[in-house]
Amino acid sequence: MTESPHAAHLAQLNVATLLHPFDDPRTTPFVEMLDPVNAAADAAPGFVWRLVEEGAADATGLRPAGENVIVNLSVWETREALWDFTYRSGHLEVMRRRREWFARHVEAHMVLWWVPAGHLPTVGEALDRLADLREHGPSPRAFTFASVHPAGEAAPHPGTVPPPRPGPAVPSAREVPSEGAAAR
C-alpha cells in the first residue's frame, strides 16, 4: 500500500460475469491483458492498493459473488486518479472489448465509496456497498462516477474508523488540565 496525504481514499469494486470459463480459449485475450493492466494500475499515480488472491498476481481466482463472477477491488487516492487509470490508460482497451468476455449487466456492477486513508476494504464490505447501490441508488455510502459524493459526506461502513476531521493539531488551553486538577 502506498502512503498518501489524503484523509480519505476512494474504494471501487466492479464485478463481471464471465461468458465462458476462465480457461476457455475465448477468454484468453482477457487473461493475457491481466498482468500488463495490473502492472499499469500498480504504477499509476494515485494508486493505493488492489485485492490480490494469496499466492496469485490478481484476484481472478476469488469468486465471492458467484462461480462465474470475477471481482476487482481497489483503492485510489482520488476520484481523478481512478478515472485517469480507467479511461486514460491501457485499461481502456479492456473496457472496449469487455463484451467479448463478460455478460451485459442489467443492474449496477461497479460501486465507489470513500474509506479512511489506511483502511483496506474487505470483499464483504465491497459487496455490501454494491448491494446498497443496487437497492437504494447512489448515495454518500455507495455511488458511481456519474454520481460522486464528496469524501466529507462519506457514510462509513460498520467497523471502519471515519476519516479525521480537520481541526487543531494540539489541544487548546481550555482542553489541557491544569497541574493542580485532579485526574478523572
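Residues numbered from 1 in each chain as written. Predicted model: local features only at pLDDT ≥ 70, side-chain atom pairs only at ≥ 80, totals over all residues. Heavy atoms only, no water.

Participant: An account of the sheet that holds strand β2 (residues 47-50) is needed here, citing residue identities and associated values.
Facilitator: Spatially, 4 strands are ordered β2-β3-β1-β4 in an open sheet, and the strand pairing comes out antiparallel. For this open sheet the edge positions go to β2 and β4 (110-116), each flanked by a neighbour on one side alone. Between one strand and the next, the sheet's axes are offset by a mean angle of 25 degrees, whatever the strand orientation. Pairing geometry for strand β1 (residues 8-17) and strand β3 (residues 69-76), over 8 bridges, is antiparallel. What sits directly across from Leu10, in β3, is Trp76. Sitting on the sheet, helix α1 (residues 28-43) is in contact with β2 and β3, with an inclination near 140 degrees to β2. Across the sheet, helix α4 (residues 123-136) touches β1, β3 and β4, and the angle it forms with β4 is around 125 degrees. (Pairing = 2+ DSSP bridges. Helix = DSSP H or I, 4+ residues; strand = E, 2+ residues; numbered from the N terminus. Axes fitted to C-alpha atoms, helices over the stretch in contact; angles between N-to-C directions. Contact = heavy atoms within 4.5 Å.)

Participant: Report on helix α2 (residues 79-87), specifying residues and quantitative values.
Facilitator: All of the buried residues along α2 are Ala81, Leu82, Phe85 and Thr86. Here the buried residues of α2 occupy an arc of 125 degrees about the axis, which is enough to place them on one side. Buried residues along α2 sit in contact with β1, α1, β3, α3 (91-97) and β4. (Buried < 20%, exposed > 50% of the residue type's maximum accessible area, 1.4 Å probe, protein only. Arc of directions from axis to C-beta.)

Participant: Any details on the packing of aromatic side chains? Residues and values, ideally.
Facilitator: Using the criterion set out here, one finds 10 aromatic pairs in the structure. With 4.4 Å between their ring centres and 45 degrees between their planes, Trp83 and Tyr87 make a pair best called tilted. With Trp83 and Tyr87 both in helix α2 and 4 residues apart, the pair spans about one turn of that helix. What makes Trp83 partly exposed here is its relative accessible area of 26%. Centroid distance Trp101 to Phe102: 6.4 Å. Interplanar angle 80 degrees. Geometry classified as edge-to-face. You can call Trp101 buried: its relative accessible area is 0%. Among the aromatic residues, ring-to-ring pairing joins Phe22, Phe30, Trp101 and Phe102 into one connected group. (Phe/Tyr/Trp six-rings, centres within 6.5 Å; stacked < 30°, edge-to-face > 60°.)

Participant: Can you tell me about the nonpolar core, naming the residues and giving the values?
Facilitator: Counting residues in each nonpolar core, the largest one holds 24 residues, and the members touching the most others are Phe30, Trp76, Phe102 and Leu112. At the level of secondary structure, the elements contributing two or more residues to this core comprise β1, α1, β3, α2 and β4. Considering every element that reaches this core, the biggest residue donor is α1, with 5 residues. For Phe102, the residues in contact, after removing those within four places along its chain, are Ala16, Thr17, Leu18, Leu19, Phe30 and Ile70. (Core = buried A, V, L, I, M, F, W, Y, C linked by side-chain atoms within 4.5 Å.)

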